[in-house]
Amino acid sequence: MQALLNSLNAGGEGVSLQSISDSLRNLPQILRSGEASNGSGQRRGIVSGDHKFHFTLHFERRSDFDGLSQTGVLMANASLTPGGDPLPVTHHWKRRIGARLVDIPDCHSNMYHASADDIGMDIVCQVEPLGNPSLGSAAGILGPFEVDPITRMNLLNLITSGFSSFPARHCRERNDPHPRDLQIKVTQDCVKVVHPGADRASSEVVATYSADYPKIILHSSDNCKFRLELSEDPEKAYSFQALSRTARDAIALLIRCFHARKYVATSFILSRLFQNPATPGAPLTSVETQDYDISGLGDRLAKELDRTVGQLDVVVKVVRNANMEKSELQAQLRETISSYTEAIEKLHAQLASARGGPTANLQLQLHESRSGQSKLQLELQEMRQQMNDLEQHVPPGGEAGSAKEMESLKSEIQQIRSRISGLAGDQQDQSKRDLTRQEELRRLRADVDMLNSEKDALETNTHHADKEKAELIENFLFVKGCLDDLQMASLSTPAASPEHERHVAQIKAAATQVMEERNRLAQKVDAMDRDREKQKHQREAVLERVMNANARLLEERDRLEKERVRVSQLYERTIGAMGAITQATAGAEDGGAAGDATDDDGPCDQAALDALKAEFEITSEQLSKAEQEGDSLRSRLRRLAMV
């Protein structure tokens, strides 16, 4: 029944007979959805429309929270019969804001992931069968959605801290294969997008809270993507991808909370707490005591104070470390500059002493070593050929005689090989030296190019300085010529007449008087501003005292009202008792002995009655005085409000 009442109340004044009949027709389904939502963790929506097929809309939770939260998923199922095959339909997801329906872009599947944009709103799913319009159309509604307790607790902690930093990945294109890692810093005054590790001055994009910006747009199909627009400039619009769905919801809710806090008027808050002096006589706003948790506020302020003290200690440590690192880096920079200066001076000396001579000698030595190696290799081949020829032509009996010759030849061959190996080793050493000298030469050429570029830059600066010097000289000559012309004109002009000088003196005196009058008026205006400001503070203090006095008088009036009620009740009981005593006295006079006892109690009851009457009169006078004081305070408040 409560679901039916909600469906009827959702239409407001525009409820028609058709909507009432649809609600009555869907009453069994609503009751079944209420029973299903109690045990299975699913909540079913209200279905309406002129459809001839079975359609259901239910919510599947993704957390321990039993209600409708932004962490769940909505599923829309359509079939010809309950439990039958799925029916192909087109889905249109919308949000209901008051009495308006707003389309959710790029969402046409049977599944919809709730997000932070749906908090406090209802979700509507409209379906139409494909290719068969005779089956009609159906619409399901489910909501309103709430913030789950875990996200609410995290959001309260973030709001209390006043500053939070969230890592995110920036995609410069739609399918960027190499996104950048950035940081989103959200404070009470602005939103910053920072490149980590880069220079802060050139990598921060700051946007303060204004009427339209910063603006955050959540992606309807991807749970982690969102768009952050800091201004109208397209370069300050970023497409981010959060680390998780919870992180994206936290970023969106925190930015929107700080943005809303920036534009909530103080008069609106005061109107919820006190009576408006401009509308006297209006009833005071009732504030329930259970809504204001003083212990929770104290705990929250204590946590905020502890967090602020900890942040202050961290900042002091960071500043101390930064100063130490700065001093060390400055010392290292001085050493580096001195070493680079010495190296540059040595390079200049080497370039001045070596203008191509060592390079040419090295090339000649390399060429000679290569030619010597080739000659030695040819000699070795010739010697091997001769050895082979001698071995073939030696007779069988002359081997003993030619043994000495063989040994001598072998020794010569060994000597030649040792010489070749020595030359090869010298050649390798020489090639290594050549490589090192080539590297040194390349480095020297790079240094020379750098020095040439610096020389060109200095020449351009000198050229610009010469231009500026020429312009200054030209301007000086022009000013000097104008001064000479002015002096010549002053010499050539005739002397002023006494009447003209007298007129000029009168004008100067009048100008002096006008300036003095202006200064006097300015001082008077400043004094009036100070007096008005002082009167304003005095009136505010008087208004505050009057408000406090009004509150005290109201409390006194309530107390006197209670006392009056109590006295009136006591008076009524006393009157009733007196009536009973009077009746008893009359009966006692007829009876005899009972009359004597009644006559003994009569003076006591009469004295008590007189005391009660006196107390009642005193209380009535106090109540009338309190009402008069309240009327006088209301009149003073009206006059202050009109001022």
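Quick notes on the rules
Residues numbered from 1 in each chain as written. Predicted model: local features only at pLDDT ≥ 70, side-chain atom pairs only at ≥ 80, totals over all residues. Heavy atoms only, no water. Buried < 20%, exposed > 50% of the residue type's maximum accessible area, 1.4 Å probe, protein only. Helix = DSSP H or I, 4+ residues; strand = E, 2+ residues; numbered from the N terminus. Pairing = 2+ DSSP bridges. Axes fitted to C-alpha atoms, helices over the stretch in contact; angles between N-to-C directions. Expected span 1.5 Å × (residues − 1). Polar contact = N/O pair within 3.5 Å; in protein donor to acceptor, adjacent residues only side chain to side chain. Phe/Tyr/Trp six-rings, centres within 6.5 Å; stacked < 30°, edge-to-face > 60°.

*Asks:* Before we move on, can you summarise the pairing of strand S10 (residues 163-170) with the specific residues and values?
*Replies:* Of the two faces of S10, only one is covered, namely that formed by Ser164, Phe166, Ala168 and His170; the face formed by Phe163, Ser165, Pro167 and Arg169 stays uncovered. Bridge analysis of S10 against strand S16 (residues 237-242) gives three bridges, and the strand direction is antiparallel. Paired with Arg169 across the two strands is Gln241, which belongs to S16.

*Asks:* Break down the sheet that holds strand S2 (residues 46-48) for me, citing the residues and quoting the values.
*Replies:* Overall, antiparallel pairing links the five strands, which are arranged S2-S9-S8-S5-S6 in an open sheet. With partners counted over all chains shown, the strands left at the sheet margins are S2 and strand S6 (100-103), one partner each. With direction set aside, neighbouring strand axes in the sheet form an average angle of 30 degrees. Pairing between strand S8 (residues 122-129) and strand S9 (residues 138-142): five bridges, direction antiparallel. Pairing of Val124 across the sheet is with Ile141, part of S9.

*Asks:* So what's going on with unusual backbone geometry? Residues and values would help.
*Replies:* Following Gly143, the chain continues to Pro144 via a peptide bond in cis, the omega torsion being -5 degrees. Among the secondary structure elements, Pro144 is positioned in the loop between S9 and helix H4 (149-161). Geometrically, the link from Tyr213 to Pro214 is a cis peptide bond, its omega value of 0 degrees lying close to zero. Residue position: Pro214 is located in the loop between strand S13 (204-208) and strand S14 (215-218).

*Asks:* Quick rundown of helix H6 (residues 245-262)? Include the residues and the values.
*Replies:* Helix length check: H6 (18 residues) gives 26 Å between terminal C-alpha atoms against 26 Å at 1.5 Å per residue, within 8%. Taken as a whole, H6 has its buried residues at Arg245, Arg248, Asp249, Ala250, Ile251, Ala252, Leu253, Leu254, Ile255, Phe258 and His259. Among the residues of H6, the N-terminal cap falls to Ser244, whose side-chain oxygen and the backbone nitrogen of Ala247 are separated by 3.3 Å.

*Asks:* Describe in detail the packing of aromatic side chains, supporting the description with residues and values.
*Replies:* As enumerated under the stated definition, the model contains five aromatic pairs in all. Plain terms: the ring middles of Phe59 and Phe145 are 5.8 Å apart, the flat faces sit at 70 degrees to each other, and that makes the pair edge-to-face. Taken together, the residues span a long stretch of sequence, with Phe59 in strand S3 (residues 54-60) and Phe145 in the loop between S9 and H4 at a distance of 86 residues. Residue class for Phe59 comes out buried when judged on its relative accessible area of 1%. Since its relative accessible area comes to 2%, Phe145 is described here as buried. Here Tyr571 and Phe616 contribute two aromatic rings whose centre-to-centre distance is 6.3 Å and whose plane-to-plane angle is 15 degrees, an arrangement assigned as stacked. In this pair, Tyr571 sits in helix H11 (residues 498-591) while Phe616 sits in helix H12 (residues 593-642), placing the two residues 45 residues apart along the sequence. The rings of Phe226, Tyr238 and Phe240 are connected pair by pair, giving a single aromatic cluster.

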